[in-house]
There are 2 protein chains.
Amino acid sequence: MRIQAQEMQKTFEEILIGRSVPSDIAQIAARNFTQTSLDGVYSHGVNRFPRLIEYLDKGVVNPQGRPECVARVGNLERWDGRMGLGNVNATLAMDRACDLAAENGMGLVAIANTNHWMRAGAYGWQAANRGCIALCWTNTMPNMPAWGGKEPKLGNNPLVVAIPQSDGNHVVLDCAMSQFAYGKIEMARMQSQQLPVPGGWDTKGNITTDPAEIERSQRVLPIGYWKGSGLSLVLDLVAAILSGGNTVTDVGTRYTEEVGLSQVMLAIDPSHMNTKAMTDGIIQRVLEDIQSSTPAQPGESIRYPGQREKKVRAENQAQGIPVLDEVWEKICQLKG
Amino acid sequence: MRIQAQEMQKTFEEILIGRSVPSDIAQIAARNFTQTSLDGVYSHGVNRFPRLIEYLDKGVVNPQGRPECVARVGNLERWDGRMGLGNVNATLAMDRACDLAAENGMGLVAIANTNHWMRAGAYGWQAANRGCIALCWTNTMPNMPAWGGKEPKLGNNPLVVAIPQSDGNHVVLDCAMSQFAYGKIEMARMQSQQLPVPGGWDTKGNITTDPAEIERSQRVLPIGYWKGSGLSLVLDLVAAILSGGNTVTDVGTRYTEEVGLSQVMLAIDPSHMNTKAMTDGIIQRVLEDIQSSTPAQPGESIRYPGQREKKVRAENQAQGIPVLDEVWEKICQLKG
């Protein structure tokens, strides 16, 4: 079935308010889940919504947690997320980073004690819509081994880099430090497919494209092998040090769920130094050059990060957001 | 042979001054090349020095180019590198970013019209020695295909993330966006070895571990396949937009050598918010956890980025820096 964005957002909002979430927080959360679904990232949009309700019902996410600035120096702020809704905390933190950038060139908000921010790319799009370049990342629970080790000790710590174009066709990279998300590996296994490139280890300790073997070993591969392992580690350290919050190690030892995360939102406003035409010109020159490559597979085109979203968004806006019947039914029952 | 660090530095300095490099610039450049060699990164230290002289002699690097701040907003500065010595420009830019961070929490210097900064990690160590967290990166000439394309259109754009520990054992990640440097691929070919993991494409368009085939196709693999391709692109865009300088595309079309680069240096001083003991505690907790992993290969240990340098540095400080006789001879002839 397809649900219109407005109806979806209203439904989410109503359910959240029914869970003691204040209406302003409910509205931001509902908008984030809906926007993510509009952009075609259903796994972190409509399909993920029931898990937030489960976490609210369990008491591991605080429905009334409101993020607070606990320290500031220059344009660098440290926030405490009060264990509130992760996508709301992240939206407010990025908004503040953009405010600081609009005033003074750049702003950074590091937030501790927050929860899953859902779709990482959302905060890149948010900043780019405000004309800002953004770098942001989150840590996660331990879900990837350190290079040379067996047990999951690192997070996949998604990193986002966004660059604004004045026509709204922003370049937005949303890149976890694992080669594949667990959801992608599960889907390949259910469809009896091999992964297109190696995604982890089998139970004998060999690198493999077999999704079932990776699920058995629970050892996913970092991007670039040792390089992604290092990147994941440093992103975690910077997030925990700047926010004063939990590291991946801490999340793994202090909680049974993936909660209490640390995040960094950095926004830089290039309009202090460049006209919009200058920034657009740089981006266009590079994208045109890349897209003029000879395709490695004849007939295929070279895409840039964020290019796909625009088409899906327009389609879902016009026709409604596709949702599995049973998912929407389950969500409607949460209205209780 | 082994050359004492002090002698090496004096030799470099003398040669540079003989090429019309002002003595203060010569000193910084000589120190950078020597320190890099001390840390065991000979490819970007002593072995690379003759190429700088070649570029000075050709006139593509300006011996008297002195970087200049051309715009400032808040703690964000844009510099013009005046086509001067790349490792000197980068040292001065990172130093300024650290000054800004010491004052106000964070500082960013984006520099255009600069040249090869030699060892990327040097600027991470530099910032960490001043107690700062650093993120910095450079663009390069086109040397890697965009995902889905054949020709080199992207740079390998090394990214550095550094985190300071008060005992000097900093965590410093130095990570190019290609899986292997061309130098590593060449060395594997000369030793008739396969790469440990796939590093590029063969001439038939298949992904391969064969270094000779990759050299023939000139198609190296980005870390994480499509992910590293996206990362490389966004790093280039941010560097060019913030510095107002050349993109990878521009470097490839405007110059025959790898010159006229754009770089970003971001420093954040955590001491405004954390005591040193707090920051050290976070790092130690994570490193201990990671290093407690069961080794994937029995008997091997799990290393963190930057761990290896310390041992090499102490050894080379005590015994002198190892240099091939013919390399040192060639360098001494440059004194002429």
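Remember, predicted model here, so these are calculated numbers, not experimental data. (Residues numbered from 1 in each chain as written. Chains lettered and ligands numbered in written order. Predicted model: local features only at pLDDT ≥ 70, side-chain atom pairs only at ≥ 80, totals over all residues. Heavy atoms only, no water.)

Q: Please set out the packing of helix H1 (residues 5–18) of chain B against helix H3 (residues 49–58) of chain B residue by residue, giving values where relevant.
A: All names here are of chain B. Where H1 contacts H3, the axes come no closer than 11 Å and their chain directions differ by 10°. Here H3 runs roughly parallel to H1, going by the angle between their axes. Judged by residue contacts, Phe12, Ile15 and Leu16 of H1 engage Phe49, Leu52, Ile53 and Leu56 from H3. Along the lines of polarity and charge, the residues of the contact of H1 with H3 split into seven nonpolar, no polar and no charged. (Axes fitted to C-alpha atoms, helices over the stretch in contact; angles between N-to-C directions. Helix = DSSP H or I, 4+ residues; strand = E, 2+ residues; numbered from the N terminus. Parallel < 35°, antiparallel > 145°, perpendicular 65-115°, else oblique. Contact = heavy atoms within 4.5 Å. Nonpolar A, V, L, I, M, F, W, Y, C, P; charged D, E, K, R; others polar.)

Q: Give a description of the interface of chain A and chain B that names residues and reports values.
A: Taken residue by residue, the interface counts 79 residues in chain A and 79 residues in chain B. A buried area of about 6700 Å², summed over both sides, lies between chain A and chain B, and 74% of it is on carbon and sulfur atoms. Put simply, chain A and chain B have four salt bridges between them. The tally of links from chain A across to chain B stands at 24 residue pairs in polar contact (both at pLDDT 80 or more). No other element matches the twelve residues that helix H8 (residues 226–243) of chain A contributes to the side of chain A that touches chain B. Of the residues that constitute the side of chain A that touches chain B, the class distribution is 47 nonpolar, 19 polar and 13 charged. (Buried area = accessible area lost by both parts, 1.4 Å probe. Salt bridge = Lys/Arg side-chain N within 4 Å of Asp/Glu carboxyl O. Polar contact = N/O pair within 3.5 Å; in protein donor to acceptor, adjacent residues only side chain to side chain.)

Q: Go over helix H4 (residues 86–104) of chain A, please, and point to the residues and values.
A: Residue and element names in this part refer to chain A. With 19 residues, H4 extends 27 Å between its outermost C-alpha atoms, agreeing within 8% with the 27 Å of an ideal straight helix rising 1.5 Å per residue. Of the positions making up H4, those classed as buried are Gly86, Asn87, Val88, Asn89, Ala90, Thr91, Ala93, Met94, Ala97, Cys98, Leu100 and Ala101. Positive phi shows up at glycine 105, right after H4, with a value of about 100°. (Expected span 1.5 Å × (residues − 1). Buried < 20%, exposed > 50% of the residue type's maximum accessible area, 1.4 Å probe, protein only.)

Q: Lay out the sheet that holds strand S8 (residues 159–163) of chain B in plain terms, naming residues and giving numbers.
A: Residues and elements named next belong to chain B. Overall, mixed pairing links the seven strands, which are arranged S2-S3-S4-S12-S5-S8-S9 in an open sheet. Every other strand in the sheet has two partners, leaving strand S2 (68–73) and strand S9 (171–175) as the edge strands with one partner each. When strand polarity is set aside, the average angle formed by the axes of neighbouring strands in this sheet is 10°. The pairing of strand S5 (residues 133–138) with S8 spans four bridges and is antiparallel. Bridge pairing in S8 links alanine 134 to alanine 162. Set on the sheet, helix H4 (residues 86–104) makes contact with S2, strand S3 (76–80), strand S4 (106–114), S5 and strand S12 (261–268); between it and S4 the angle comes to about 160°. (Pairing = 2+ DSSP bridges.)

Q: Please give an account of the environment of asparagine 62 of chain A that cites residues and values.
A: Residue and element names in this part refer to chain A. Its location among the elements puts asparagine 62 in the loop between helix H3 (49–58) and strand S2 (68–73). Look at asparagine 62 and you get partly exposed, because its relative accessible area is 32%. Placed 41 residues apart in sequence, asparagine 62 and valine 21 show a C-alpha to C-alpha distance of 8.6 Å. Leave out the neighbours within four places in its chain, and asparagine 62 touches Leu56, Arg82, Met83, Gly84 and Leu85.

Q: Which residues make up the side chain of asparagine 32 of chain B, and what values do they have?
A: All names here are of chain B. Tracing the chain through its elements places asparagine 32 in helix H2 (residues 23–38). With a relative accessible area of 8%, asparagine 32 lands in the buried category. If we ignore the near neighbours within four places in the chain, the residues touching asparagine 32 are Asn87, Thr91, Met118, Ala122 and Tyr123.

Q: Account for the relation of the copies chain A and chain B, with residues named and values stated.
A: Once chain A has been moved 0.0 Å along the axis and rotated by 180°, it coincides with chain B to within an RMSD of 0.0 Å. Here the symmetry operator amounts to a two-fold rotation axis. Taking C-alpha positions as the reference, the residue of chain A nearest the rotation axis is glycine 224 of chain A, at 2.4 Å. (Least-squares fit on C-alpha atoms with pLDDT ≥ 70 in both.)

Q: Outline the environment of alanine 239 of chain B, supporting the account with residue identities and numerical values.
A: All names here are of chain B. Residue placement: alanine 239 occurs in helix H8 (residues 226–243). The class of alanine 239 is buried, set by a relative accessible area of 0%. Measuring from C-alpha to C-alpha, the distance between alanine 239 and tryptophan 137 comes to 7.8 Å, with 102 residues separating the pair along the chain. Among residues more than four places away in sequence, those in contact with alanine 239 are Trp137, Gly244, Ser262, Gln263 and Val264.

Q: An account of the pattern of salt bridges is needed here, citing residue identities and associated values.
A: Residue and element names in this part refer to chain A. Scanning all chains against the criterion turns up 36 salt bridges over all chains. Between glutamate 77 and arginine 96 there is a salt bridge, with the nearest N and O atoms lying 2.7 Å from each other. Taken as a pair, glutamate 77 in strand S3 (residues 76–80) and arginine 96 in helix H4 lie far apart in primary sequence, 19 residues in all. Glutamate 309 is the partner of arginine 119 in a salt bridge, and the nearest nitrogen-oxygen pair spans 3.1 Å. Of the two residues, arginine 119 sits in the loop between strand S4 (106–114) and helix H5 (121–129) while glutamate 309 sits in helix H11 (residues 307–319), which places them 190 residues apart along the sequence.

Q: For H3 of chain B, give the residues involved together with the corresponding values.
A: Taken together, the buried positions of H3 of chain B are occupied by Phe49, Pro50, Leu52, Ile53, Tyr55 and Leu56 of chain B. Check the buried side of H3 of chain B and you find it contacts H1, H2 and helix H12 (325–333) of chain B.

Q: Describe the environment of glycine 86 of chain B, with residues and values.
A: When you line up the elements, glycine 86 of chain B lands in helix H4. If we ignore the near neighbours within four places in the chain, the residues touching glycine 86 of chain B are Thr114, Asn115, His116 and Trp117 of chain B.

Q: Explain the packing of aromatic side chains residue by residue, including any values.
A: Counting across every chain of the model gives 20 aromatic pairs over all chains. Seen in terms of ring centroids, phenylalanine 33 of chain A and phenylalanine 49 of chain A are 5.2 Å apart; in terms of plane orientation they differ by 90°. Their pairing is edge-to-face. Of this pair, phenylalanine 33 of chain A sits in helix H2 (residues 23–38) while phenylalanine 49 of chain A sits in helix H3, placing them 16 residues apart in sequence. Look at tryptophan 147 of chain A and tyrosine 225 of chain A: their rings are 6.0 Å apart centre to centre, the planes differ by 85°, and that puts the pair in the edge-to-face class. Remark: tyrosine 225 of chain A occurs in the loop between helix H7 (211–217) and H8 and tryptophan 147 of chain A occurs in the loop between strand S6 (144–145) and strand S7 (152–154); sequence separation between them is 78 residues. Judged by relative accessible area, which is 29%, tryptophan 147 of chain A ranks as partly exposed. Owing to a relative accessible area of 4%, tyrosine 225 of chain A belongs among the buried residues under this scheme. Each member of the aromatic cluster is reached from another via a ring pair, and the members are Trp147, Trp201, Tyr225 and Trp226 of chain A together with Phe180 of chain B. In this structure, arginine 313 of chain A is placed above the aromatic ring of tryptophan 125 of chain A, and the distance from its NZ or CZ to the ring centre is 4.5 Å. (Phe/Tyr/Trp six-rings, centres within 6.5 Å; stacked < 30°, edge-to-face > 60°. Lys NZ or Arg CZ within 6 Å of the ring centre and 35° of its normal.)

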